[in-house]
Amino acid sequence: MLPVTNVFPKLLTDKLTVKYGEKVGVENISIKFFDSKVTALIGPSGCGKSTYLRSLNRMNDFIPNVKITGKVLFSGQDIYDSSIDPALLRRHIGMVFQKPNPFPKTIFENIAWGPKRAKFAKTEIPQLIEDSLRQAALWDEVKDRLHTSALGLSGGQQQRLCIARAIAMRPSVLLMDEPCSALDPIATSRIEDLIQTLKEKYTIVIVTHNMQQAARVSDITAFFLNGKLVESGETKQIFTLPKEIETENYLTGKFG
Amino acid sequence: MKGLENTQSFALKRSLSSPSNSLSENIFKGLLYVATSVSVVTTIGIVVVLLSEAIQFFKEISFVEFFTGTQWTPLIEPKHFGILPLVCGTLLVGVGASLIAVPVGVASALFLSEYVRGSLRTILKSTLEVLAGIPTVVYGYLAITFVTPQLQQFIPNLEVFNALSAAIVVGIMIIPTISSVSQDAFEAVPRELRDAAYGLGGRKHQVAMTVVFPAALSGFVASVILGFSRAIGETMAVTLAAGSTPKLSFNPLQSIQTMTSYIVQVSLGDTPAGTIEYRSIFVVGLTLFSMTLISNLIAQWFSRRFQERYL
């Protein structure tokens, strides 16, 4: 029997199709994302997994000619409904990008940026910054230099800062778009450990082109190919007993 | 050598049929060198002429009188050579023009870089750049025939020639400079920073003001200094609009004289070469040159000091 928390998905897409003009990004994707689970989206480059991820918090809105059909439900609300404010939505669905992208500001100001814009109480911000940095396993390394530039940090530290910055908004979902692709193996493994602790509090969706990473960090895996979802299921099952031949070929390195 | 008998032979030596090194390369390099030298030599030449005339000038007029004197009357007796009234008039127009052009220029730059895209952006940007192509003399008579009469309806004691109208038209004139340089700086801010800000739930105006603008601060400062330098160096429009009455006053409703207008006044008159009046225009030119140079240095210092570095 499934645990009770998993009965209602925090986020789901129902027959989601994203087109750029006439070009199809992803087609007819239905996936459910549950609390306290890490879902990995895998597949070869250009298969649409990043496009799909960016449609979950409406980051695709900035691309001209983008056309969305189907539904994305967050806590039961259709996020593409005209009554939805995308800025408010993104405060609940945080995002970590491929390349660490700290603002050229101090470490403190980086994390405080979102909460200040969202009018969090000023008095709680210092505590919030400490909590976020602790959760991102960065506090001990930066606590004495909070007011120095974030660009003085190493790539791995910058990426953990970006995670701290995202969780300072107290989101319920964290979207991660190949968060380790610009990092060395040691920094990568720190981020992977971090994902394991973060999943207790957040619904995590991670795009990765690294299959070992998907196997290590995720509970559920969805395999994309040419804009379509080939299959999704428990990570263990996908990696050991894939149902589809394409999945097996990809996982065994026959293409991709 | 043993073992290398089968080595294929390649033509690697220089020869007349392939004069890779010397002639063509040197001619090309020489042309580039000459082209570069033209502007360097010209700059040096101008500074030398300005300085040598200035030295002659300062043999007759003391530094103290020149830099602290409050009257500028080189063409009428008794002659006074205090530069302050001209500096004052120049700054009045330069600062006034910047007060108009900086907010408008930055606002339009932000609008163009953050709010519109595609063909609308191109159309608006090129329209703005047409503004930069209007001859400055046109702005001058625009001031006299349109701006001043309109202003006089609200400000009855506005003189026919006045610093206010000059500042307004020069301000309009330098909007494209400020806007276009700032826009380039805003657009150069990496998309990743905008992604980060929008991903945190930032709204457009918040992203524009607290991420894009600070990241492009040095480009913005450069645009302001460039605009300001253009404003204080502007001649035709201010000569027409502001008149030629050197006055140590910050009242923009009166006629004033800027450094450039004074130079025009003397150059157009029949002042004989070698006289003190004649030499005074070189000293005024040198002063103006120094002001522009100093503002450029301040801009460089400022952008080094406050620049937020990109990724």
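Residues numbered from 1 in each chain as written. Chains lettered and ligands numbered in written order. Predicted model: local features only at pLDDT ≥ 70, side-chain atom pairs only at ≥ 80, totals over all residues. Heavy atoms only, no water.

**Student:** Quick question: what am I supposed to make of the pattern of salt bridges here?
**Tutor:** Working definition: two side chains of opposite charge can pair if their charged atoms are close together. Taken as a whole and assessed by the stated rule, the structure comprises 21 salt bridges over all chains. We note a salt bridge from Glu-27 of chain A to Lys-228 of chain A, for which the minimum N-O separation is 3.6 Å. Separated by 201 residues along the polypeptide, Glu-27 of chain A in strand E2 (residues 23-33) and Lys-228 of chain A in strand E10 (residues 228-234) bring together distant segments of the chain. Between Arg-160 of chain A and Glu-141 of chain A there is a salt bridge, with its nearest N and O atoms 2.9 Å apart. With Arg-160 of chain A in helix H6 (residues 155-167) and Glu-141 of chain A in helix H5 (residues 139-142), this residue pair connects regions lying 19 residues apart in the sequence. Taken together, the salt bridges that share partners define one network made up of Arg-54 of chain A together with Arg-191 and Asp-195 of chain B. (Salt bridge = Lys/Arg side-chain N within 4 Å of Asp/Glu carboxyl O. Helix = DSSP H or I, 4+ residues; strand = E, 2+ residues; numbered from the N terminus.)

**Student:** Before we go on, may I ask you to explain the sheet that holds strand E5 (residues 77-78) of chain A in this structure?
**Tutor:** To summarise the sheet geometry, strands pair through backbone hydrogen bonds and adopt either a parallel or an antiparallel arrangement. Residue and element names in this part refer to chain A. Pairing is antiparallel in the open sheet, where four strands are placed in the order E2-E1-E4-E5. In the strand order of this sheet, the two ends are held by E2 and E5, each with one partner. Note that strand E4 (residues 66-74) and E5 share two bridges and pair antiparallel. Its bridge partner lying in E5, Phe-74 is registered against Gln-77. (Pairing = 2+ DSSP bridges.)

**Student:** It is not clear to me how the domain arrangement of chain B should be interpreted in this structure. Could you clarify?
**Tutor:** Residue and element names in this part refer to chain B. By domain assignment, chain B separates into domain 1 (23-60) and domain 2 (84-306). When each unit is reduced to the centre of its C-alpha atoms, the spacing between domain 1 and domain 2 is 28 Å. For the pair domain 1 and domain 2, the summed buried surface comes to about 940 Å²; carbon and sulfur atoms form 81% of the total. Taking the shortest distance from any N to any O, the salt bridge between Glu-53 and Arg-279 comes out at 3.2 Å. Taken together, domain 1 and domain 2 are joined by one residue pair in polar contact (both at pLDDT 80 or more). When the residues that make up the side of domain 1 that touches domain 2 are grouped by side-chain class, the tally is seven nonpolar, one polar and two charged. (Domains from an automatic or database assignment. Buried area = accessible area lost by both parts, 1.4 Å probe. Polar contact = N/O pair within 3.5 Å; in protein donor to acceptor, adjacent residues only side chain to side chain. Nonpolar A, V, L, I, M, F, W, Y, C, P; charged D, E, K, R; others polar.)

**Student:** It is not clear to me how empty space enclosed by the protein should be interpreted in this structure. Could you clarify?
**Tutor:** The gaps left among the atoms become clear once a water-sized probe is rolled over them. Counting across every chain of the model gives one cavity of 30 Å³ or more. The calculated volume of the largest cavity comes to roughly 40 Å³. Around the largest cavity sit Met-95, Val-96, Phe-97, Asn-101, Cys-162, Arg-165 and Ala-166 of chain A together with Ala-196, Gly-199 and Leu-200 of chain B, which together line it. If you list the elements that add at least two residues to the lining of the largest cavity, you get strand E6 (93-96) and H6 of chain A together with helix H7 (191-199) of chain B. At three residues, H6 of chain A tops the list of elements feeding residues into the lining of the largest cavity. In terms of residue class, the lining of the largest cavity is built from seven nonpolar, two polar and one charged. (1 Å grid on protein atoms, 1.4 Å probe; cavity = no way out; pocket = protein on both sides within 12 Å on 5 of 7 lines; lining within 4 Å. Points joined across faces, edges and corners; volume = space filled by probe spheres on them.)

**Student:** What exactly am I supposed to notice about the layout of surface pockets here?
**Tutor:** As a volume, the largest pocket reaches approximately 550 Å³. Around the largest pocket, the lining is made up of 23 residues, and of these Arg-54 and Phe-62 of chain A together with Arg-191, Arg-194 and Asp-195 of chain B lie nearest the centre. Those elements that place two or more of their residues in the lining of the largest pocket are helix H3 (84-115) and H7 of chain B. When residues in the lining of the largest pocket are grouped by element, the largest group, five residues, is from H7 of chain B. Among the residues forming the lining of the largest pocket, the class breakdown is seven nonpolar, three polar and 13 charged.

**Student:** Help me out: how do you make sense of the packing of aromatic side chains in this one?
**Tutor:** Aromatic ring pairs are defined here through the distance separating the ring centres and the angle between the ring planes. Under the definition given, this model contains 20 aromatic pairs over all chains. Here Phe-62 of chain A and Tyr-198 of chain B contribute two aromatic rings whose centre-to-centre distance is 4.3 Å and whose plane-to-plane angle is 35°, an arrangement assigned as tilted. With one member in each of two chains, Phe-62 of chain A in the loop between helix H1 (49-55) and E4 and Tyr-198 of chain B in helix H7 form a pair that bridges those chains. On the accessibility criterion, Phe-62 of chain A (30% relative accessible area) is partly exposed. Taken together through their ring pairs, the aromatic side chains of Phe-57, Phe-58, Phe-63, Phe-66, Phe-67, Trp-72, Phe-81 and Tyr-262 of chain B make up a single cluster. Over the face of the ring belonging to Phe-103 of chain A we find Arg-165 of chain A, whose NZ or CZ atom lies 4.5 Å from the ring centre. The ring of Tyr-115 of chain B carries Lys-204 of chain B above its face, with NZ or CZ at 5.5 Å from the centroid. (Phe/Tyr/Trp six-rings, centres within 6.5 Å; stacked < 30°, edge-to-face > 60°. Buried < 20%, exposed > 50% of the residue type's maximum accessible area, 1.4 Å probe, protein only. Lys NZ or Arg CZ within 6 Å of the ring centre and 35° of its normal.)

**Student:** Got a minute to help me understand unusual backbone geometry in this structure?
**Tutor:** Most peptide bonds are trans, and most residues other than glycine sit at a negative phi. The amide bond that connects Glu-77 of chain B to the next residue, Pro-78 of chain B, takes the cis arrangement and shows omega of -10°. If you trace the backbone, Pro-78 of chain B turns up in the loop between helix H2 (63-68) and H3. Despite not being glycine, Ser-36 of chain A shows a phi value in the positive range, around 60°. For Ser-36 of chain A, a relative accessible area of 32% corresponds to the partly exposed category. A positive phi angle is found at Asn-226 of chain A, which is not glycine, with a value near 50°. Structurally, Asn-226 of chain A is set in the loop between strand E9 (220-225) and E10. Of the residues examined, Asn-226 of chain A reaches a relative accessible area of 65% and is grouped as exposed.

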